Amino acid sequence: MCRSRWHARSYRSSLVLIKNNPLLIFAIPWWLFKGKAYLKEQIAKRVSVDVSLLPYNNEFLNYLKREHASGRELILATATHRLIAEKIAEHLGIFSRCFATENGINLSGARKREKIISELGERNFDYAANDHVDL
């Protein structure tokens, strides 16, 4: 997924948030001022996401399902907030662990790499990126 898709999803989540409670439009700048991780957490707490309707890359998802079926451990590492990431992992049923934005840490780019390496080691994984910041 490219950066513009993330912004589109974030934008849609923000619109749903505002539709549900228009006064929260004034809270969004404050949340963002406190950091992307905080903004993501506040939106995730207030917006229900039907993860079955997300735009998955079916070709890649089928590849992951085959890898999972062959016994390969798969870990979802995402900048999405943990509240949503865990729903995605549960829905797909192929991930043994989930690394996600939480506790004030936006898990993208270098932070995501550091998390993966701290958990798995420097060369004990393959990584499929969805955004140029993660390369």
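Residues numbered from 1 in each chain as written. Predicted model: local features only at pLDDT ≥ 70, side-chain atom pairs only at ≥ 80, totals over all residues. Heavy atoms only, no water.

(A) Layout of helix α4 (residues 58–69). Along its 12 residues, α4 runs 16 Å from first to last C-alpha, staying within 8% of the 16 Å computed at 1.5 Å per residue. When we look at burial in α4, the residues that qualify are Leu61, Leu64 and Glu67. The buried residues of α4 occupy one face: seen down the axis, they fall within an arc of 120 degrees. In α4, the exposed residues that point more than 90 degrees away from the buried face are Asn58, Glu59, Arg66 and Ala69. Buried residues belonging to α4 abut α5 (82–92). The distance from a side-chain oxygen at the start of α4 to the backbone nitrogen of Glu59 is 3.2 Å, and the residue carrying that oxygen is Asn57. (Helix = DSSP H or I, 4+ residues; strand = E, 2+ residues; numbered from the N terminus. Expected span 1.5 Å × (residues − 1). Buried < 20%, exposed > 50% of the residue type's maximum accessible area, 1.4 Å probe, protein only. Arc of directions from axis to C-beta. Contact = heavy atoms within 4.5 Å. Polar contact = N/O pair within 3.5 Å; in protein donor to acceptor, adjacent residues only side chain to side chain.)

(B) Region of interest: the confidence of the model for the chain. Of all residues in the chain, 92% have pLDDT values of 70 or greater, and the mean over the chain is 88. When the criterion is pLDDT under 50, residues 1–8 qualifies, and its contacts beyond four places in sequence or with other chains add up to 10 contacts. (pLDDT = per-residue confidence, 0-100.)

(C) Quick look at the pairing of strand β2 (residues 97–101). Taking burial as the measure, the 5 residues of β2 include 4 buried ones, the bulk of the element. As a crossover connection, the stretch from strand β1 (residues 75–81) through α5 into β2 is right-handed. (Right-handed = clockwise from strand over helix to strand, strands pointing away.)

(D) Spatial organisation of a nonpolar patch on the surface. A cluster of nonpolar side chains, namely Leu23, Ile25 and Phe26, defines an oily patch on the protein surface of about 370 Å² accessible area. By the element assignment, Leu23 lies in the loop between α1 (3–20) and α2 (28–33). (Patch = residues over 30% accessible without salt bridge, like charges linked within 9 Å, V, L, I, M, F, W, Y side chains within 5 Å. Areas by Shrake-Rupley, 256 points an atom, 1.4 Å probe, with all protein chains shown as cover. Salt bridge = Lys/Arg side-chain N within 4 Å of Asp/Glu carboxyl O.)

(E) Representation of the nonpolar core in the model. Core analysis: the biggest nonpolar cluster contains 15 residues, and Leu76, Ile88, Leu92, Ile94 and Phe95 have the highest contact counts within it. Looking at this core, the elements with two or more residues in it are α4, α5 and β2. Sorting elements by how many residues they give to this core places α5 first, with 5 residues. Dropping the residues within four chain positions of it, Leu76 is found in contact with Ala85, Ile88, Ala89, Phe95, Arg97, Cys98 and Phe99. Leu17, Trp31, Ile43 and Val47 belong to the second largest nonpolar core, which has 8 residues in total. (Core = buried A, V, L, I, M, F, W, Y, C linked by side-chain atoms within 4.5 Å.)

(F) Geometry of the layout of surface pockets. Its boundaries defined by the atoms lining it, the second largest pocket holds a volume of some 170 Å³. Along its surface, the second largest pocket is lined by Gly109, Ala110, Lys112, Arg113, Ile116, Phe125, Tyr127, Val133, Asp134 and Leu135. Residue composition of the lining of the second largest pocket, by class: 6 nonpolar, 1 polar and 3 charged. (1 Å grid on protein atoms, 1.4 Å probe; cavity = no way out; pocket = protein on both sides within 12 Å on 5 of 7 lines; lining within 4 Å. Points joined across faces, edges and corners; volume = space filled by probe spheres on them. Nonpolar A, V, L, I, M, F, W, Y, C, P; charged D, E, K, R; others polar.)

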